[in-house]
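# Tertiary structure, described
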Amino acid sequence: MRRADLAQFAEALAHPVERFAREAGLRLVLLINRSGQVLAQRGFARALDVMGVASLGAGIHASSQALAELIGEAGFRHLHQGGTASQVFIGPFRTPAEDLIAIAVFGEDSSIGLVQLFFATFVAEVSALPGWKEARPTTDARAFEKDLEAGLENVFGS
Amino acid sequence: MSGYAELLDRVNRVTGVRGSMVVAVEDGLVVAEELMLGVPGDAVAALVASIFRRARRSMSAADFGDAAFVQVDGEDGLLFAAAPPQLGDLLLVVVAESWVNVGLVRLEAARVVEALGG
Amino acid sequence: MSASPMQVKQWTDELAADPASTAFLPLARAYRESAKREAALRLVLRGLERHPHHVDAHHLLGLLYRDAGDNVKAADEWGIALALAPEHPGARREMGLAAFARGDWASAVKHLEQAQANDVMDQEVRAALESAWQRSRVAARAAPPSSAPAPAPEAPLPEQWDGGRVFDALAAELGSLSQERGIVGAVMLDAQGFVVAGRMGADRDRAGEISAVLSGASSEAERAVRHLKMGAWKGILVETPRAVVRLAPTGDGGMVAVAGRRDVPMGWVLRVAARARESAERFLAAMGGAR
């Protein structure tokens, strides 16, 4: 289910995302929901990169979720991929309103231990925000897509 | 009790020590820990390892060699991290009260490190 | 924030449904990033009609005016944003860079110092600030002494700034400490990691090289003791096979660093570091008064 009320609440995510990035020493952070909607980001230079990381991260999360279920787990707490210069952390978490996925990229200024530590704080902060601390009305995908028919001319009116 | 735990217990006998742990320096994750109730091991491991890595880079930039020991003094507590060659990529981390006998902690830590290397 | 096409569609839809929605702002940002500046400008102007005190909208409008080459209008908008919210980081940054671009070094330093405090990682601000500092000093030295008597001031002149003498005292004290037995360097860094005074290194001065790495130690120590509820951080001691280094915080969020050879007693290095910190605090206190 896609959120139709994000513009109202998404700006409130900026502070927790910024703090998570600063405290955990992250290079990039992306917060998406399970529908693939980008809720917040920090560190990306191009929209194209945001979309790429969001789609790949959501795909990795879906695959790992399927693997977890295959071996009898409800899900994994997080995923961590370590590279030579950069590492990726994918942390799914549940808020009262919806399930979210944080994707974080970090380098030598941080560690998986630090990211885990401040991820817990980040989850608590987001879960307490208006828009996520309680279930919100959503529109189904078909209605949403229909709504998207409105074009720029509708904005400016006549 | 693991081999590490037995050795950590020796450090913890020093009055004022609230716990000690073996930590992976690159990951900031706990390998072994013997901590008093209320000491957040995961947080100590991540934060101390991060400070140690920073200190190591600073010392390298200054051409002072590899950092082997780091001590962080807080108003209400002390953190120690020792990285002797015997431990490879691991740190011995000690959490203590601010009034602890630092020399005694360092001495006991050195003994533990020696034992770990042997 | 870079927007996805999905978000753009969503904001468009929201604004179409509710012309009073503040979705005009992220949508205008998205249009600006897509080089559709005319559409962005129309959106912001229309949004400001309904939300005349929207700080971020004034900031964005300033950016759009600047994009169009109208620096005067741009500065007006950022000025409005700062009047509405003096702490607004974006408006402060742009005001600083605009002052720098027109060669108003004093104004540039004033705004950019705050902008740098808002984001210490902003390299563009840092470069402009360093340049503005240097140019403002050069300009001050190059100002010809007036032979004619100064006009009588209408208001009492502020006390003459005496920062140079205060700095000289700090530099001399840190220099003297660096010469103490077994000490290989004593340096003061400010909160942004700039070297204020001193030197570090046995053979050549490495203060500049290590300052960037060392400056992060302060925030790391602060973060650790805060998270672990250990009060304020009082110092960091680092030992290597060749050196003992003591870091101690200063009142401005910066620190002093003192390094000694490994063969001198640690207690001696700690005492020299305590003296370096006292020098730094005297400097900060004097600078606070030397205005």
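You'll find the structure just up there.
These lines cover the structure that appears in this document, whether it is placed above or below. Owing to the predicted nature of the structure, the values given are computational and were not obtained by experimental measurement.

Attention shifts here to a nonpolar patch on the surface. Residues and elements named next belong to chain A. A cluster of nonpolar side chains, contributed by Leu-67, Leu-70, Ile-71 and Phe-76, occupies part of the molecular surface with about 420 Å² of accessible area. Structurally, Leu-67 is set in helix α3 (residues 47-70). Note on Leu-67: relative accessible area 46%, which makes it partly exposed.

Think of it this way: side chains of opposite charge can pair up when their charged atoms draw near. Summed over the entire model, instances satisfying the criterion amount to 26 salt bridges over all chains. Here Asp9(B) makes a salt bridge to Arg13(B), at a shortest N to O gap of 3.6 Å. A relative accessible area of 27% means that Asp9(B) is categorised as partly exposed. Notably, a salt bridge pairs Glu124(C) with Arg93(C), separated by 2.9 Å at the nearest N-O pair. One end of the pair, Glu124(C), is in helix α8 (residues 123-142); the other, Arg93(C), is in helix α6 (residues 89-101), with 31 residues separating them in the sequence. Overlapping salt bridges, with partners in common, bring together Arg66(C), Arg93(C), Glu94(C) and Glu124(C) in one network.

Right, let's get into the interface of chain B and chain A. Taken together, the contacts link ten residues of chain B with ten residues of chain A. Buried surface at the junction of chain B and chain A, both sides included, amounts to about 760 Å², of which 57% is carbon and sulfur. Connecting chain B to chain A are one salt bridge. The salt bridge partner of Arg57(B) is Asp109(A), with a shortest N-O separation of 2.9 Å.

For the structure shown, the criterion picks out seven aromatic pairs over all chains. Where Phe93(A) meets Phe119(A), the ring centres are 5.7 Å apart and the plane angle is 80°; that geometry is what we call edge-to-face. Separated by 26 residues along the polypeptide, Phe93(A) in strand β4 (residues 87-94) and Phe119(A) in helix α4 (residues 112-127) bring together distant segments of the chain. Comparing Phe93(A) with Phe119(A), the two get one shared label, buried. Among the aromatic residues, those joined into a cluster by ring pairs are Phe20(A), Phe89(A), Phe93(A), Phe119(A) and Phe122(A). Sitting above the plane of the Phe69(B) ring, Arg106(B) keeps its charged end 4.1 Å from the centroid.

Okay, the pairing of strand β1 (residues 183-189) of chain C next. All names here are of chain C. With seven of its seven residues buried, β1 lies for the most part within the structure. In this sheet, strand β5 (residues 255-261) lies alongside β1 in antiparallel orientation, the contact comprising six bridges. Paired with Leu-189 across the two strands is Met-255, which belongs to β5. Hairpin connection, β1 to strand β2 (residues 195-200): the antiparallel pair is bridged by five residues, and Gly-193 has positive phi, about 90°.

What follows concerns the side chain of Ser50(B). Position of Ser50(B) relative to the elements: it lies in helix α2 (residues 41-61). Exposure remark for Ser50(B): the relative accessible area of 2% places this residue in the buried category. A distance of 2.6 Å separates polar atoms of two side chains, one belonging to Ser50(B) and the other to Glu220(C). Not counting residues within four places of it along the chain, the set of residues in contact with Ser50(B) comprises Asp109(A), Leu114(A), Glu220(C) and Arg223(C).

Residue and element names in this part refer to chain C. Helix length check: helix α4 (residues 55-67), at 13 residues, gives a terminal C-alpha distance of 19 Å against a target of 18 Å (1.5 Å per residue), a fit within 8%. Buried residues dominate α4, accounting for ten of its 13 residues. Residues Val-55, Ala-57, His-58, His-59, Leu-60, Leu-61, Gly-62, Leu-63, Leu-64 and Tyr-65 constitute the buried set of α4. Once α4 finishes, Gly-69 follows within two positions and takes phi at roughly 90°, a positive value.

The subject of this paragraph is the packing of helix α3 (residues 37-50) of chain C against α4(C). All names here are of chain C. Running from amino to carboxyl end, α3 crosses α4 at an angle of 145°, the nearest separation of the two axes being 10 Å. Between α3 and α4 lies a crossing of left-handed hand. Contact with α3, carried on its side by Arg-37, Ala-40, Leu-41, Val-44, Leu-45 and Leu-48, involves Ala-57, His-58, Leu-60, Leu-61, Leu-64, Tyr-65 and Asp-67 of α4 and no other residues of that element. The residue makeup of the contact of α3 with α4, split by class, is ten nonpolar, one polar and two charged.

How each quantity is defined
Residues numbered from 1 in each chain as written. Chains lettered and ligands numbered in written order. Predicted model: local features only at pLDDT ≥ 70, side-chain atom pairs only at ≥ 80, totals over all residues. Heavy atoms only, no water. Patch = residues over 30% accessible without salt bridge, like charges linked within 9 Å, V, L, I, M, F, W, Y side chains within 5 Å. Areas by Shrake-Rupley, 256 points an atom, 1.4 Å probe, with all protein chains shown as cover. Salt bridge = Lys/Arg side-chain N within 4 Å of Asp/Glu carboxyl O. Helix = DSSP H or I, 4+ residues; strand = E, 2+ residues; numbered from the N terminus. Buried < 20%, exposed > 50% of the residue type's maximum accessible area, 1.4 Å probe, protein only. Contact = heavy atoms within 4.5 Å. Buried area = accessible area lost by both parts, 1.4 Å probe. Phe/Tyr/Trp six-rings, centres within 6.5 Å; stacked < 30°, edge-to-face > 60°. Lys NZ or Arg CZ within 6 Å of the ring centre and 35° of its normal. Pairing = 2+ DSSP bridges. Polar contact = N/O pair within 3.5 Å; in protein donor to acceptor, adjacent residues only side chain to side chain. Expected span 1.5 Å × (residues − 1). Axes fitted to C-alpha atoms, helices over the stretch in contact; angles between N-to-C directions. Left-handed = near helix turned anticlockwise from the far one by under 90°. Nonpolar A, V, L, I, M, F, W, Y, C, P; charged D, E, K, R; others polar.

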